[in-house]
Each structure stands twice: as C-alpha cells, then as structure tokens.
Amino acid sequence: MSMQLSPQAAELLGKSALVIITERVDDVAFLIGQMVTMGLPEVLDRPIPRHWTQRGISWGWTAVMWLAYIVTEGDHRNVSMATSLKGMKHTLRHLTAPRLEPLDLRDDRLSHLLQPLSKPASWHARERDLHERSMERYDLSQDVIRCDATTVSGAHEVTEGGLVPCGHRQDDPTRPQIKVMMGSLAPLGRPLATEVLSGERADDGLYLPIIQRIRTGLKTTGLLCVGAWKMRALATRAYLARHQDFSLAPWPLTGATAEAMEAWITEGVTRGEAGEFQRIGRTNDRGHEVLAAEGYACARTCCAPVGAAPWSERVVVVRSPMHATQQAAG
C-alpha cells in the first residue's frame, strides 16, 4: 500500500515522499467486499437512527467490520477485535471510505448497535430486505427449503429462565445448551432465517415459526420444505397445505405409522413381485450402475383438528438395498 506524506513527514523521513506500508489483511477485505455487494451496510443503516453526537462510520459499516472480524477470527470479543483491526487500519480506511477511528468500535457503540437488532420486528424486517436484494441479484432458486435444528452446549452458568438451560441430550444431559433453528436454500445452503432459543425446547414447535418467516421474506408459494421427522407435526403440515406449499420428511416409527408399517411392507412385497416398483439407480465408485432404492407411493387424506380444510398427502414407502443388507448383517 502506498500513501502520500505531508511535507513535514517527508522531511523527517527523508527525501522520498512515498512510504510503503505492509499490512496483513487475511480474508477481511474479501468479506467486507462481499457484504458491500449484498448491500448490508445500507440494510442495517435504515432501522438505526444516527445519534446527534455520532461521529465516524455509520451503524451499517460498524456491523460489517464486526462481522468480518468474527468470521475471520471466530472471536466476538471487543478487546480482541480492537487489537486485530489496529494492524490493518490503512486497509480498512480504504475499504470503508470514511475515516476509521479506534473509538468507532468501542464496547458501548457495539451495544447500541445490538439493541435495535435484538428486537424480532426489526431483525425480521432487515432479513426481508436482505432477501429481496440477494434473490434479485443472484436469481437463486427458491424451490427447496431445508429446515433443521441443532443444539450447542458449553460450560455456562444455568439460571432460571435463562438462554442456556439444561435440555435433552443423548451424550450428556447435564451440560447446558442453546438451540439453533435454521432455514436455508437447498442445495446452496444459503441461510434464510435463524432463531437462537433456550436449549430445553422441543424441535416440533420450532418448524412452524421459521417457515412462516421464510414465506414472508420470499413472498412466493409452492415451496418444498425438507426437514427431520419432527416436522411431521399436524399443525405444520396443515399450515403448509393451507398455503399451497409442500413438505418432505421421514415418518417416525411410532403411533399410527408403526401400526400401518406392516401393511405397507406387505403391499410393497406384493407390488415388487408384480414388477410395480419404481426403481432409482446410481453409479458406484467403480462406474457400475447399481440399485439405490425402490418403492411405491400411496395417497391419503388428512384433516387438522381445528376444522381446517382436508388435504391429500403422499406416503412414499422406500426400500434401500444397502440399508437392508446392513440390517441383515446385524
């Protein structure tokens, strides 16, 4: 990087008026450029009014700088960010256009930034603005939405009514955790909506709110929502059918499904002997075409308990030869 010196500095440093400055920027410049292309500074600037005593970079640029540091370093602490960004101040001043000062990223400024973004109404509005910009710019396919929840545990203090309580875990139920629910475009994996919740919640009730947010942001129908078996809740399926959307998820081997499974398998054996199976092949690592799955589909009518209009859904009964071989070996 080159910079022009003042006459006084040039006299002190020597006859040359040009000084070469080297800074390690890693991928910060790329991340900031990507967020600028997405229009993130403008999207985040709108809901946060500028304070009458505010100087330096805007709220949107403050968020962009913070996000670039978090993604690069995997660390959200202010003290670490201030130290890291101090080593690339000339680069950041060229990227952000306004003059960057150390006080622009102080603790109280970041807390003021998070206050309006922590409100669901404000955050959901920014989410929709970002969808409108990026979907139009990149013409991304919006046909398949994948919804899934996961838990993140850590060594946190458990408080009553807090965000990090103890919840159901298969490995260690004594560790406190948070639950993260996300909806994303498949197969790209671009996040559309994310919800961070207390860790004791069940997954069943998390699908409907995240799907509603995604539908509001995308403003389209005919979405195929793909998820785990917990997305099979009757209220979720009724909502998707009512809004002319679709769902794809496995059925748990419990309740009515377990009772009907024997009849489904018997019908599958009959259809297989009659050659009525639909077969799907794949190419293995040796280049040979092998059978990946075979099965059939049947339709049934469902009705929500609250008096909603009935809808028809397909049950796909599938046999995987590889899974069958593993079960037989076991």
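Residues numbered from 1 in each chain as written. Predicted model: local features only at pLDDT ≥ 70, side-chain atom pairs only at ≥ 80, totals over all residues. Heavy atoms only, no water.

## Quick notes on the packing of helix α9 (residues 207-218) against helix α10 (residues 234-242)
- Taken N-terminus to C-terminus, the directions of α9 and α10 make an angle of 20°; their axes are 9 Å apart at the nearest point. One way to sum up the angle between α9 and α10 is to call them roughly parallel. Viewed along their axes, α9 and α10 form a crossing whose handedness is right-handed. Residue-level contacts link Tyr207, Leu208, Ile211, Gln212 and Arg215 of α9 to Ala235, Thr236, Tyr239 and Leu240 of α10. (Axes fitted to C-alpha atoms, helices over the stretch in contact; angles between N-to-C directions. Helix = DSSP H or I, 4+ residues; strand = E, 2+ residues; numbered from the N terminus. Parallel < 35°, antiparallel > 145°, perpendicular 65-115°, else oblique. Left-handed = near helix turned anticlockwise from the far one by under 90°. Contact = heavy atoms within 4.5 Å.)

## Some words on the side chain of Asp129
- Structurally, Asp129 can be placed in helix α8 (residues 120-138).
- In this structure Asp129 comes out as buried when scored by relative accessible area, which is 17%.
- At a separation of 2.9 Å, a polar atom in the side chain of Asp129 contacts the side chain of Arg126.
- Once residues lying within four places of it in the same chain are set aside, the contact partners of Asp129 are Val43 and Arg46. (Buried < 20%, exposed > 50% of the residue type's maximum accessible area, 1.4 Å probe, protein only. Polar contact = N/O pair within 3.5 Å; in protein donor to acceptor, adjacent residues only side chain to side chain.)

## A short note on the nonpolar core
- Of all hydrophobic cores here, the largest spans 23 residues; its most connected members are Ile32 and Leu113.
- Of all the elements in the fold, those that place two or more residues in this core are α2 (28-38), α3 (40-45), α4 (59-73) and α7 (107-117).
- The element contributing the most residues to this core is α4, with seven residues.
- Judged by nonpolar contacts, the second largest core, of 20 residues, contains Ala149, Ile211, Leu223 and Ala249. (Core = buried A, V, L, I, M, F, W, Y, C linked by side-chain atoms within 4.5 Å.)

## As for the pairing of strand β4 (residues 177-185)
- Judged by how many residues are buried, β4 sits mostly within the fold: seven of nine residues are covered.
- Here strand β3 (residues 144-153) runs beside β4; their pairing, made up of nine bridges, is antiparallel. By the bridge assignment for β4, Ala149 is matched with Met181.
- Sheet analysis places β4 next to strand β5 (residues 190-198), joined by eight bridges and oriented antiparallel. Paired with Leu185 across the bridge in β5 is Arg190.
- Counting the residues in the hairpin turn of β4 and β5 gives four residues, including Gly189, whose phi is positive at 85°. (Pairing = 2+ DSSP bridges.)

## Structural notes on the packing of aromatic side chains
- Under the defined criterion, the tally for this structure stands at zero aromatic pairs.
- Between Arg232 and the ring centre of Trp251, over which it is positioned, the NZ or CZ distance is 5.1 Å. (Phe/Tyr/Trp six-rings, centres within 6.5 Å; stacked < 30°, edge-to-face > 60°. Lys NZ or Arg CZ within 6 Å of the ring centre and 35° of its normal.)

## Let's talk about the sheet that holds strand β8 (residues 278-283)
- In space, the three strands of this open sheet follow the order β8-β9-β10, with antiparallel pairing throughout. Of all the strands in the sheet, just β8 and β10 (311-319) have a single pairing partner and so form its edges. Neighbour-to-neighbour, the strand axes of this sheet turn through a mean angle of 30°, independent of strand direction.
- Relative to β10, strand β9 (residues 289-302) is paired through nine bridges, and the arrangement is antiparallel. Opposite Glu294, over in β10, you have Arg319 as the bridge partner.
- Contacting β9 and β10, helix α11 (residues 255-273) runs over the sheet at an angle of about 125° to β9.
- Helix-sheet contacts for helix α12 (residues 321-329) involve β8, β9 and β10, and the interaxial angle to β9 is about 100°.

## Quick word on α2
- Turning to α2, its buried residues number three or more, namely Val28, Leu31, Ile32 and Met35. An end-on view of α2 places all buried positions within 95° of arc, on one side of the element. (Arc of directions from axis to C-beta.)

## Describing α4
- Helix length check: α4, at 15 residues, gives a terminal C-alpha distance of 21 Å against a target of 21 Å (1.5 Å per residue), a fit within 8%.
- Taken as a whole, α4 has its buried residues at Trp59, Gly60, Trp61, Thr62, Ala63, Val64, Met65, Trp66, Ala68 and Tyr69.
- One or two residues past the end of α4 sits Gly74, with phi positive at roughly 65°. (Expected span 1.5 Å × (residues − 1).)

Coordinates in, geometry out; function isn't part of it.
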